[in-house]
Amino acid sequence: MATGTVEALRRHGLRATPQRVMLLEELRRRHDHPSAEDLHRSLLPRSPTLALSTVYATLESLERVGLVTRLSLGEGRDRYDAHAHPHAHLVCLGCGQVQDVPLPPLALDPAQVGSFRYAYSRVVHYGWCPRCQASAKDIGPRRGREECPP
Ligand SMILES: [Zn+2]
Ligand SMILES: [Zn+2]
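Everything numeric in this text was worked out from a predicted model, so none of it was measured. (Residues numbered from 1 in each chain as written. Chains lettered and ligands numbered in written order. Predicted model: local features only at pLDDT ≥ 70, side-chain atom pairs only at ≥ 80, totals over all residues. Heavy atoms only, no water.)

Trainee: It is not clear to me how the overall build of the protein chain should be interpreted in this structure. Could you clarify?
Mentor: What the protein chain contains, in helices and strands, is 5 helices and 5 strands. Along the protein chain, helices (α) and strands (β) appear in the sequence α-α-α-α-β-β-β-β-β-α when read from the amino end. Expressed as a percentage of the 150 residues in the protein chain, the buried residues total 33%. Taking all contacts inside the protein chain whose residues are at least 6 apart in sequence as the whole, residues at least 24 apart take part in 48%. Within the structure as shown, the protein chain displays about 9,900 Å² of accessible surface, and the carbon and sulfur contribution to it stands at 53%. (Helix = DSSP H or I, 4+ residues; strand = E, 2+ residues; numbered from the N terminus. Buried < 20%, exposed > 50% of the residue type's maximum accessible area, 1.4 Å probe, protein only. Contact = heavy atoms within 4.5 Å. Areas by Shrake-Rupley, 256 points an atom, 1.4 Å probe, with all protein chains shown as cover.)

Structure follows, in structure tokens:
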């Protein structure tokens, strides 16, 4: 067990259960913004009795205390991120890969929102990764259902 992870859990008021430590370490190691299913799949060889429902429940507890951010990009599955530094996301419209990129200067000045208590901003940029640019059929605006050929 990495002491940093155990410390982080305790600082956030969570007991350092083996599942929490394992999931948080895995998420801190990765930069591909995995879904709960992705995490479950990659942790199973190490932890054969790990249930997908446990992965969900553990991620929820980590998210609740702010150790993990959940990303909903409209793909029908949420992704998770344990990298706390402020950053924006670059999403490939072809294959769906998500990268971290620096957060651009925000148009909203948090001091200018009046009595609204500003918390944070999320910025998502869309485009095509180099691999999807090479397979040109995937390039173009995402088609709506009615534009799809029969
Ligand atoms: Zn791609
Ligand atoms: Zn990220």
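Trainee: Whenever I open this one, the packing of helix α2 (residues 18–29) against helix α3 (residues 36–43) confuses me. Can you help?
Mentor: The description of two packed helices rests on the angle between their axes and on the distance between the axes. At a minimum axis distance of 11 Å, the contact between α2 and α3 shows a crossing angle of 105°. Considered as vectors, α2 and α3 are oriented roughly perpendicular to each other. Residue-level contacts link Met-22, Leu-23, Glu-26 and Leu-27 of α2 to Leu-39, Ser-42 and Leu-43 of α3. Among the residues forming the contact of α2 with α3, the class breakdown is 5 nonpolar, 1 polar and 1 charged. (Axes fitted to C-alpha atoms, helices over the stretch in contact; angles between N-to-C directions. Parallel < 35°, antiparallel > 145°, perpendicular 65-115°, else oblique. Nonpolar A, V, L, I, M, F, W, Y, C, P; charged D, E, K, R; others polar.)

Trainee: Mind showing me how you'd approach the coordination of the zinc ion (ligand 2) here?
Mentor: Geometry sets the ideal angles at a metal, namely 109.5 degrees for four tetrahedral donors and 90 or 180 degrees for six octahedral donors. At the metal site, the zinc ion (ligand 2) is ligated by His-33 (NE2), Asp-81 (OD), His-87 (NE2), His-89 (NE2) and Asp-100 (OD), and these contacts range over 1.9 to 2.2 Å. The sequence motif formed by the donor residues of the zinc ion (ligand 2) is H-x47-D-x5-H-x1-H-x10-D. Pair noted here: Asp-81 is in strand β2 (residues 79–81) and Asp-100 is in strand β4 (residues 98–101), with a separation of 19 residues, a long-range link. Exposure remark for Asp-81: the relative accessible area of 4% places this residue in the buried category. (Donors = N, O, S within 2.8 Å, 3.2 Å for Na, K, Ca; no water.)

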